[in-house]
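# Fold and geometry: a report
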Amino acid sequence: MIEAVVFDLDGVIVDSEQVWDDVRERYTRESGGTYTDSAARDMMGMSSVEWSRYMAEQLAVPGTPEEINAAIVERMLARYGEEPPLIPGAADAVRRCAERLPLAVASSSNPELIEVVLRAAGLRELFRAVVSSQEVARGKPAPDVYLEAASRLGVAPAACAAVEDSHNGIRSAKAAGMRVIALPNPHFPPDDEALASADVVLHTIDELTLSVIDF
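This write-up is about the structure you can find in this document. (Residues numbered from 1 in each chain as written. Predicted model: local features only at pLDDT ≥ 70, side-chain atom pairs only at ≥ 80, totals over all residues. Heavy atoms only, no water.)

## A word on the pattern of salt bridges
Where side chains of opposite charge bring their charged atoms close, a pairing between them can arise. Note the threshold: One speaks of a salt bridge when a side-chain nitrogen belonging to Lys or Arg is within 4 Å of a carboxyl oxygen belonging to Asp or Glu. Only DSSP runs of H or I with at least four residues qualify as helices, and only runs of E with at least two residues qualify as strands; both kinds are numbered from the N terminus onward. Each residue gets one of three labels from its accessible area relative to the maximum for its type: buried under 20%, exposed over 50%, partly exposed in between, using a 1.4 Å probe on protein chains only.
For the structure on display, the rule yields 14 salt bridges. Ionic pairing is found between Arg26 and Asp22, a salt bridge with its closest N-O pair at 3.0 Å. One end of the pair is Arg26 and the other is Asp22, both in helix H1 (residues 17–30) and four residues apart, which spans about a single turn. Judged by relative accessible area, which is 48%, Arg26 ranks as partly exposed. We note a salt bridge from Arg124 to Glu115, for which the minimum N-O separation is 3.1 Å. What you see here is one network of salt bridges that share partners, running through Asp8, Lys140 and Glu164.

Written as structure tokens, this is what we have:
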């Protein structure tokens, strides 16, 4: 019996994975760093502490990780503006789930970016818990952010369904012991191994119904 639903944010509610990639690539190149072919996939799912350190150490971006993080978040907020690029149907899917089950967010985004998206979408009050990977020891694919979300909801991880789009996100939710509903990200598709580990694979978020969540 599923007792709660935990949503990822980027790639599930807001179509922002490619925005993150573009912002970090532009900043890396403009600051004199070296953006590699694997950088986008490497950083997907990392917490802000982890990806800012990665940019400093692996991409040779000048400045401390804290300075890099602040610069990237400032650019992300500017790109979001008043209208973050919400995924069509995502808000309706969240509302459908909220009618019957408590909800949480478990995201790799910085807390301030999570708040901007949820408030712009009119969804903030529907989530009982909102957790950023910045608040836990390890980012995805480690299970920390999902375990913390379940803890704040007061629900056992095994009684939670997680909605994820990326390979690291799927692995994270699976490692937490949750039922994993995959919505493959069209810009950065999950690898075959991660996708095979999901309990359900949907084509669009419009397919996310209570019957899919609680099998």
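Alright, that's what it looks like, and here's the rest.
## Structural notes on empty space enclosed by the protein
For clarity, the cut-off: Only protein atoms enter the 1 Å grid, on which a cavity is a set of points fitting a 1.4 Å probe that cannot get out and a pocket is an open set with protein on both sides within 12 Å along at least 5 of 7 lines, lining residues being those with an atom within 4 Å of a point. Grid points are joined across faces, edges and corners, and a volume is the space filled by probe spheres set on the points.
Inspection of the entire model under this criterion finds two cavities of 30 Å³ or more. If you add up the space inside the largest cavity, you get close to 140 Å³. Around the largest cavity, the lining comprises 16 residues; the ones closest to its centre are Asp10, Glu17, Met44, Gly45 and Ser108. No other element matches H1, which puts three residues into the lining of the largest cavity.

## Examining the pairing of strand S1 (residues 4–7)
This is how it is decided: In short, DSSP must find at least two bridges between two strands for them to pair.
Of the two faces of S1, the one holding Ala4 and Val6 and the one holding Val5 and Phe7 are both buried throughout. Strand direction decides the pairing type here: S1 and strand S4 (residues 160–164), joined by four bridges, are parallel. Within the sheet, the bridge partner assigned to Ala4 lies in S4 and is Cys160. Taken together, the three bridges between S1 and strand S2 (residues 103–107) define a ladder with parallel strand orientation. Directly across from Val6, in S2, lies its bridge partner Ala104.

## Some details on the nonpolar core
Counted only if it meets this: By convention a nonpolar core is built from buried Ala, Val, Leu, Ile, Met, Phe, Trp, Tyr and Cys residues, the set being connected through side-chain atoms within 4.5 Å. The contact criterion used is simple: two residues touch if any of their non-hydrogen atoms lie within 4.5 Å.
Ranked by internal contacts, the top residues of the largest apolar core, which has 55 residues, are Phe7, Ile13, Phe127 and Leu208. No other element matches helix H4 (residues 65–80), which puts six residues into this core. Ile13 has contacts with Phe7, Asp8, Leu86, Ile87, Ala90, Val94, Val117, Leu118, Leu123 and Phe127, leaving out every residue within four places of it along the chain. The next biggest cluster of nonpolar side chains, apart from the first, holds 24 residues, and it includes Val6, Ala149, Ala162 and Val180.

## Let's talk about the sheet that holds strand S6 (residues 200–201)
Quick reminder of the rule: The angle between two axes is taken between their N-to-C directions and runs from 0 to 180 degrees, where each axis is a line fitted to C-alpha atoms and a helix contributes only its stretch in contact.
Strand order in the open sheet formed by six strands is S3-S2-S1-S4-S5-S6, with parallel pairing between adjacent strands. Unpaired on one side and paired on the other, strand S3 (127–132) and S6 mark the two borders of the sheet. Relative to S3, S2 runs parallel, the two being bridged by five bridges. Each bridged residue has a counterpart across the sheet, and for Ala106 the counterpart in S3 is Val131. Contacts from helix H8 (residues 167–175) reach S4 and strand S5 (179–182), with the element oriented near 165° to S5.

Just distances and angles here, no functional claims.
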